Amino acid sequence: MNLHDILLSVGIDPAVLYAGGAGGVLRALSRRKLKVREVLLSPVCGALAAAYLTLPVVHYVKAVGWPMPGEDPQSVLAGAFLIGTCAMWISDMVFEYIVRRFRPAEPPP
C-alpha cells in the first residue's frame, strides 16, 4: 500500500492535496522575506486546507450559481489551488492580529 492508496482510503484526493500544496508554495514565494519555516510549512498547511475545504466550497459555489468550468475535476483542482493560497493569506492576517492584540505594551521612553 502506497501513500496514494492511503490518502484515497481516508477520503482525500491526492490531486487536491497537490493543488493545495502548490497554492501554499505560491504564497510562500510571494512573501517579501522568505523564512525557512514558512517555505516548509506553507505547502503543508495549504494542502491540508485544500483537502478539507475544497469539496464543500465547490459545492457551495455551484449551488449559488456562479459560473464554473464544465468539467468537475477542473473546478475541484482550481478550487483546491485557490483555497491553498487564500488559506495561508488568511492565516497570516489572523496571526498578525493575535500578535498585535496580545503583545505586551511597550513602556513609553
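Another aspect to go through is helix 3 (residues 36-64). Taking 1.5 Å of rise per residue, the 29 residues of helix 3 would be expected to cover 42 Å, and the 39 Å separating its terminal C-alpha atoms lies within 8% of that figure. Along helix 3, the sharpest change in direction is near 50° and occurs at leucine 53; proline proline 56 comes one to four residues later. Residues Glu38, Ser42, Pro43, Gly46, Ala47, Ala49, Ala50, Ala51, Thr54, Val58 and Val61 constitute the buried set of helix 3. Buried positions along helix 3 lie against helix 2 (14-29) and helix 4 (72-102). The positive-phi residue at the C-terminal boundary of helix 3 is glycine 65, with phi of around 95°.

Moving on: the nonpolar core. One finds Val16, Ala19, Ala50, Val58, Val76 and Ala80 forming the largest nonpolar core, which totals six residues. Going through the elements one at a time, helix 2, helix 3 and helix 4 are the ones with two or more residues in this core. Other than its neighbours up to four places away in sequence, valine 58 contacts Met68, Ser75 and Val76. Counting residues in hydrophobic clusters, the runner-up holds five residues, among them Leu7, Ile12, Ala47 and Ala51.

Now for the environment of alanine 49. Within the element layout of this structure, alanine 49 appears in helix 3. Along the sequence, alanine 49 and histidine 59 sit 10 residues apart, while their C-alpha atoms lie 16 Å from each other. Residue contacts for alanine 49: discarding those within four places in its chain leaves Thr54, Ile83 and Ala87.

Let us look at the confidence of the model for the chain. Counting all residues, the mean pLDDT for the chain is 80, and 94% of those residues have values of 70 or more. Looking across the chain, the model is least confident in helix 2, with a mean pLDDT of 80, and most confident in helix 1 (residues 3-9), with 83.

Moving on, we get to the environment of leucine 17. Of note, leucine 17 is situated in helix 2. The spacing of leucine 17 and arginine 27 is 10 residues in sequence and 15 Å in space, taken between C-alpha atoms.

About the cut-offs
Residues numbered from 1 in each chain as written. Predicted model: local features only at pLDDT ≥ 70, side-chain atom pairs only at ≥ 80, totals over all residues. Heavy atoms only, no water. Helix = DSSP H or I, 4+ residues; strand = E, 2+ residues; numbered from the N terminus. Expected span 1.5 Å × (residues − 1). Bend = angle between axes of the 7 residues up to and from the residue. Buried < 20%, exposed > 50% of the residue type's maximum accessible area, 1.4 Å probe, protein only. Contact = heavy atoms within 4.5 Å. Core = buried A, V, L, I, M, F, W, Y, C linked by side-chain atoms within 4.5 Å. pLDDT = per-residue confidence, 0-100.

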